[in-house]
Amino acid sequence: EMSASLVGSEMCIRDSVWDLWSKLPEKGDRLIITSSRKDALCIWANTGIPSVSLQGEGYIPKAHVVSELLLRFRTVYVLYDNDFRSEINYGREFGKKLAETFGLKQIEIPTELRSKDPSDLYHNHGREKLHQTIIGLITNQKIGEDECPF
(Lines give C-alpha, C1' and ligand atoms only; values in the text may rest on other atoms or scores of the structure.)
Protein backbone atom coordinates (compact mmCIF):
# COMPACT_ATOMS: atom_id res chain seq x y z
CA GLU A 1 0.00 0.00 0.00
CA MET A 2 2.83 2.37 0.85
CA SER A 3 4.58 1.88 -2.51
CA ALA A 4 1.35 2.64 -4.38
CA SER A 5 0.99 5.97 -2.57
CA LEU A 6 4.63 6.81 -3.29
CA VAL A 7 4.12 6.07 -6.98
CA GLY A 8 0.97 8.20 -6.93
CA SER A 9 2.68 11.16 -5.31
CA GLU A 10 5.62 10.83 -7.71
CA MET A 11 3.19 11.07 -10.65
CA CYS A 12 1.59 14.17 -9.14
CA ILE A 13 5.03 15.77 -8.77
CA ARG A 14 5.91 14.93 -12.38
CA ASP A 15 2.62 16.28 -13.68
CA SER A 16 3.13 19.56 -11.84
CA VAL A 17 6.74 20.02 -13.03
CA TRP A 18 6.28 18.50 -16.51
CA ASP A 19 3.20 19.71 -18.33
CA LEU A 20 1.63 17.01 -20.58
CA TRP A 21 3.72 14.24 -18.94
CA SER A 22 0.65 12.03 -18.45
CA LYS A 23 -0.21 12.32 -22.18
CA LEU A 24 3.16 10.96 -23.36
CA PRO A 25 3.25 7.61 -25.13
CA GLU A 26 5.04 4.80 -23.29
CA LYS A 27 7.83 4.73 -25.87
CA GLY A 28 8.75 6.71 -28.95
CA ASP A 29 11.31 7.83 -31.45
CA ARG A 30 11.52 11.48 -30.47
CA LEU A 31 10.45 13.84 -27.71
CA ILE A 32 10.74 17.63 -27.62
CA ILE A 33 11.01 19.53 -24.33
CA THR A 34 9.75 23.10 -24.61
CA SER A 35 9.43 25.97 -22.15
CA SER A 36 5.65 26.35 -22.35
CA ARG A 37 2.50 24.27 -22.68
CA LYS A 38 1.46 26.42 -25.65
CA ASP A 39 4.66 25.52 -27.54
CA ALA A 40 4.46 21.83 -26.60
CA LEU A 41 0.86 21.62 -27.83
CA CYS A 42 1.73 23.59 -30.97
CA ILE A 43 4.54 21.16 -31.87
CA TRP A 44 2.59 18.02 -31.01
CA ALA A 45 -0.55 19.11 -32.91
CA ASN A 46 1.32 20.22 -36.03
CA THR A 47 4.12 17.65 -36.31
CA GLY A 48 2.83 14.63 -34.38
CA ILE A 49 6.01 14.66 -32.27
CA PRO A 50 5.23 14.22 -28.55
CA SER A 51 6.22 17.27 -26.51
CA VAL A 52 6.29 18.27 -22.87
CA SER A 53 7.10 21.51 -21.14
CA LEU A 54 8.90 22.21 -17.91
CA GLN A 55 7.49 24.69 -15.42
CA GLY A 56 10.07 27.29 -16.49
CA GLU A 57 13.16 27.69 -18.63
CA GLY A 58 15.50 28.04 -15.67
CA TYR A 59 14.25 24.85 -14.03
CA ILE A 60 16.59 21.85 -14.02
CA PRO A 61 14.62 18.63 -13.52
CA LYS A 62 15.63 15.64 -11.43
CA ALA A 63 18.15 13.36 -13.15
CA HIS A 64 16.14 10.16 -12.64
CA VAL A 65 13.14 11.70 -14.42
CA VAL A 66 15.23 12.72 -17.43
CA SER A 67 16.79 9.24 -17.39
CA GLU A 68 13.30 7.78 -17.66
CA LEU A 69 12.60 9.95 -20.71
CA LEU A 70 15.88 8.83 -22.28
CA LEU A 71 14.85 5.20 -21.77
CA ARG A 72 11.42 5.83 -23.28
CA PHE A 73 12.46 7.98 -26.27
CA ARG A 74 15.31 7.37 -28.71
CA THR A 75 16.17 11.08 -28.97
CA VAL A 76 15.18 13.90 -26.62
CA TYR A 77 15.44 17.48 -27.88
CA VAL A 78 15.35 20.76 -26.00
CA LEU A 79 13.59 23.56 -27.89
CA TYR A 80 13.48 26.70 -25.77
CA ASP A 81 12.77 30.22 -26.95
CA ASN A 82 15.19 31.99 -29.24
CA ASP A 83 15.16 35.37 -27.49
CA PHE A 84 16.90 36.96 -30.48
CA ARG A 85 15.62 40.46 -29.62
CA SER A 86 17.16 40.40 -26.13
CA GLU A 87 20.69 41.39 -25.20
CA ILE A 88 21.04 38.05 -23.42
CA ASN A 89 19.34 35.12 -25.15
CA TYR A 90 18.00 33.46 -22.00
CA GLY A 91 16.06 30.78 -23.88
CA ARG A 92 19.25 29.70 -25.66
CA GLU A 93 21.31 29.78 -22.44
CA PHE A 94 18.76 27.81 -20.37
CA GLY A 95 18.25 25.34 -23.22
CA LYS A 96 21.99 24.83 -23.52
CA LYS A 97 22.32 24.22 -19.77
CA LEU A 98 19.52 21.64 -19.78
CA ALA A 99 20.88 19.91 -22.89
CA GLU A 100 24.46 19.81 -21.60
CA THR A 101 23.43 18.65 -18.11
CA PHE A 102 21.67 15.56 -19.46
CA GLY A 103 23.21 14.95 -22.88
CA LEU A 104 20.12 16.06 -24.81
CA LYS A 105 20.09 17.69 -28.25
CA GLN A 106 19.43 21.43 -28.28
CA ILE A 107 17.52 22.85 -31.24
CA GLU A 108 16.28 26.38 -31.85
CA ILE A 109 13.99 28.27 -34.21
CA PRO A 110 16.40 29.96 -36.67
CA THR A 111 16.73 33.70 -36.02
CA GLU A 112 16.04 34.60 -39.65
CA LEU A 113 12.45 33.38 -39.17
CA ARG A 114 11.96 36.23 -36.63
CA SER A 115 9.96 33.95 -34.34
CA LYS A 116 11.10 33.24 -30.79
CA ASP A 117 9.13 30.02 -30.31
CA PRO A 118 6.96 27.45 -32.13
CA SER A 119 3.68 29.28 -31.50
CA ASP A 120 5.15 32.55 -32.85
CA LEU A 121 6.45 30.64 -35.87
CA TYR A 122 2.98 29.19 -36.47
CA HIS A 123 1.41 32.63 -36.10
CA ASN A 124 3.99 34.41 -38.30
CA HIS A 125 4.52 31.83 -41.06
CA GLY A 126 1.77 29.19 -40.84
CA ARG A 127 1.48 25.49 -40.18
CA GLU A 128 3.52 24.27 -43.14
CA LYS A 129 6.57 26.41 -42.25
CA LEU A 130 6.35 25.33 -38.60
CA HIS A 131 6.19 21.67 -39.64
CA GLN A 132 9.04 22.04 -42.14
CA THR A 133 11.23 23.92 -39.63
CA ILE A 134 10.75 21.48 -36.73
CA ILE A 135 11.28 18.42 -38.94
CA GLY A 136 14.32 20.12 -40.47
CA LEU A 137 15.80 20.85 -37.04
CA ILE A 138 15.42 17.30 -35.79
CA THR A 139 16.72 15.71 -38.98
CA ASN A 140 19.71 18.09 -38.93
CA GLN A 141 18.77 19.70 -42.21
CA LYS A 142 19.89 23.29 -42.24
CA ILE A 143 17.18 25.75 -43.18
CA GLY A 144 17.33 29.12 -44.86
CA GLU A 145 20.63 30.93 -45.20
CA ASP A 146 22.63 27.90 -44.05
CA GLU A 147 21.69 25.97 -47.22
CA CYS A 148 24.66 27.27 -49.20
CA PRO A 149 27.01 24.26 -49.73
CA PHE A 150 30.25 26.32 -49.90
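Preceding block: the structure.
Now for a quick tour of the structure. (Residues numbered from 1 in each chain as written. Predicted model: local features only at pLDDT ≥ 70, side-chain atom pairs only at ≥ 80, totals over all residues. Heavy atoms only, no water.)

Quick look at unusual backbone geometry now. Most peptide bonds take the trans configuration, and most residues that are not glycine carry a negative phi. The phi torsion at leucine 20 lies on the positive side, around 80°, for a residue other than glycine. Topologically, leucine 20 is positioned in the loop between strand S1 (18-19) and strand S2 (28-34). The buried category is assigned to leucine 20, whose relative accessible area is 8%. With a phi close to 50°, arginine 114 is a non-glycine residue in the positive phi region. Its place among the elements puts arginine 114 in the loop between strand S5 (105-107) and helix H5 (118-125). (Helix = DSSP H or I, 4+ residues; strand = E, 2+ residues; numbered from the N terminus. Buried < 20%, exposed > 50% of the residue type's maximum accessible area, 1.4 Å probe, protein only.)

Moving on: the sheet that holds strand S3 (residues 51-54). Judged by pairing direction, the sheet is mixed, and its five strands sit side by side in the order S1-S3-S2-S4-S5 without closing on themselves. Sheet topology places S1 and S5 at the edges, where each strand pairs with a single neighbour. Where S1 lies against S3, two bridges are found, and the strand directions are antiparallel. Within S3, the position partnered with aspartate 19 by the bridge is serine 53. Against the sheet, helix H6 (residues 127-138) contacts S2, strand S4 (73-79) and S5, and its axis sits at roughly 110° relative to S2. (Pairing = 2+ DSSP bridges. Contact = heavy atoms within 4.5 Å. Axes fitted to C-alpha atoms, helices over the stretch in contact; angles between N-to-C directions.)

This part takes up the environment of glycine 56. Looking at the element boundaries, glycine 56 is found in the loop between S3 and helix H3 (63-72). Assessed through its relative accessible area of 21%, glycine 56 is described here as partly exposed. When the C-alpha atoms of glycine 56 and phenylalanine 94 are compared, they prove to be 9.5 Å apart, with 38 residues separating the residues in sequence.

The subject of this paragraph is the pairing of S2. Each regular strand shows side chains that alternate between the opposite faces of the sheet. Bridge count between S2 and S4: six bridges; the pairing is parallel. Considered in S4, the bridge of threonine 34 is made with leucine 79. In the sheet, S2 pairs with S3 via three bridges, with the strands oriented parallel. What sits directly across from isoleucine 33, in S3, is valine 52. Considered for its hand, the β-α-β crossover made up of S2, helix H2 (residues 37-47) and S3 is right-handed. (Right-handed = clockwise from strand over helix to strand, strands pointing away.)

We now examine H5. Those residues of H5 that fall on the buried side of the exposure criterion are Pro118, Ser119 and Leu121. Seen end-on, H5 carries its buried residues on one side only, within an arc spanning 160°. Glycine 126 occupies a position one or two residues after H5 and carries a positive phi of about 95°. (Arc of directions from axis to C-beta.)

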